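Listed here are the chains, written in short residue letters.
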Amino acid sequence: QVQLVESGGGLVQAGDFLRLSCAASGGTIRNLPMGWFRQAPGKEREFVAALSWSGSNTYYADSVKGRFTISRDNAKNTVYLQMNSLKREDTAVYYCAAQTSGGSYRYTRNYDWWGQGTQVTVSP
């Protein structure tokens, strides 16, 4: 089974940027749709962004559209989330996930492999 490991989180100020990485090991993710989700304390895990297996199609939550960019480097077996103009409400643990069996990109139930998450904290 593929293991996903997120990195790049941290503490930043509002307006700053971060780039999260999700590196896969134990197998390839190059043919899989990938997604980023986040979970703030006391809230459900929510969709942030997704990327088709080819990288040609991207999808974003309305709350991050225009600020976040999802991308992939299949040669490195890695997916990225560039987060610009960060806001306090972006504070959460961010998870990457891989789809192996299809379905809407926006729902956690359609993802089969998950990373352990990386904390992003945005101070005002």
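Up top is the structure these notes are about.
Predicted model only: the values in this text are computed from it and were never measured. Throughout, residues of each chain are indexed from 1 in the direction in which the sequence is written. In keeping with the predicted nature of the model, local features appear solely for residues at pLDDT of at least 70, side-chain atom pairs appear and are counted solely at 80 or more, and the whole-chain, interface and lining totals rest on all residues. As a convention, hydrogens and water are excluded, and side-chain values are obtained from all of the structure's heavy atoms.

## Some points on the side chain of R38
So, point 1. Counting from the N terminus, the helices are the DSSP runs of H or I reaching at least four residues and the strands are the DSSP runs of E reaching at least two. Its place among the elements puts R38 in strand β4 (residues 34-39).
So, point 2. In terms of polar contacts, R38 uses its side chain to reach the side chain of E46, at 2.6 Å.
So, point 3. A distance of 2.9 Å separates polar atoms of two side chains, one belonging to R38 and the other to Y94.
So, point 4. Excluding its chain neighbours within four sequence positions, the residues that come into contact with R38 are E44, R45, E46, V48, S63, V64, F68, E89, D90, A92, V93 and Y94. As used in this structure description, the phrase polar contact means that two N or O atoms lie within 3.5 Å; if the pair is within protein, one of them must be able to donate a hydrogen and the other to accept it, and residues adjacent in sequence are counted only when both atoms belong to side chains. Only heavy atoms enter the contact rule, under which two residues are in contact if any of them lie within 4.5 Å.

## Considerations on the pattern of salt bridges
So, point 1. Any carboxyl oxygen of Asp or Glu within 4 Å of a side-chain nitrogen of Lys or Arg constitutes a salt bridge here. Per the stated rule, a full pass over the model turns up four salt bridges.
So, point 2. One salt bridge in this structure joins D90 and R38, with 2.9 Å as the shortest N-O distance. Pair noted here: D90 is in the loop between β8 (78-83) and β9 (92-98) and R38 is in strand β4, with a separation of 52 residues, a long-range link.
So, point 3. Two residues, D62 and K65, come together in a salt bridge whose shortest N-O distance is 3.2 Å. As far as burial versus exposure is concerned, D62 and K65 are alike and both exposed. Only protein chains enter the accessibility calculation, which uses a 1.4 Å probe; a residue is then buried when its area is under 20% of its type maximum, exposed when over 50%, and partly exposed in between.

## Points about the packing of aromatic side chains
So, point 1. Two rings from Phe, Tyr or Trp (for Trp, the six-membered ring) form a pair when their centres sit within 6.5 Å of each other. Planes less than 30 degrees apart are called stacked, planes more than 60 degrees apart edge-to-face, and all others tilted. Scanning all chains against the criterion turns up five aromatic pairs.
So, point 2. Look at F37 and W114: their rings are 5.2 Å apart centre to centre, the planes differ by 55 degrees, and that puts the pair in the tilted class. Taken together, the residues F37 in strand β4 and W114 in strand β10 (residues 113-114) connect sequence positions 77 residues apart.
So, point 3. According to the relative accessible area criterion, W114 is partly exposed, its value standing at 27%.
So, point 4. The ring of Y95 carries R45 above its face, with NZ or CZ at 3.6 Å from the centroid.
So, point 5. Charge-over-ring placement is defined geometrically: NZ (Lys) or CZ (Arg) within 6 Å of the ring centre, and within 35 degrees of the ring normal. Over the aromatic face of Y107 sits the side chain of R109, whose NZ or CZ is 4.5 Å from the ring centroid.

## So, the pairing of strand β11 (residues 118-123)
So, point 1. With burial as the criterion, only one face of β11 is covered, namely that bearing T118, V120 and V122; the residues Q119, T121 and S123 on the opposite face remain uncovered.
So, point 2. Taken together, the four bridges between strand β2 (residues 10-13) and β11 define a ladder with parallel strand orientation. Looking across to β11, one finds that G10 is bridged to V120.
So, point 3. When DSSP finds two or more bridges between two strands, those strands count as paired. Examined bridge by bridge, β9 and β11 share three bridges and lie antiparallel to one another. Note on β11: the bridge partner recorded for Y94 is T118.

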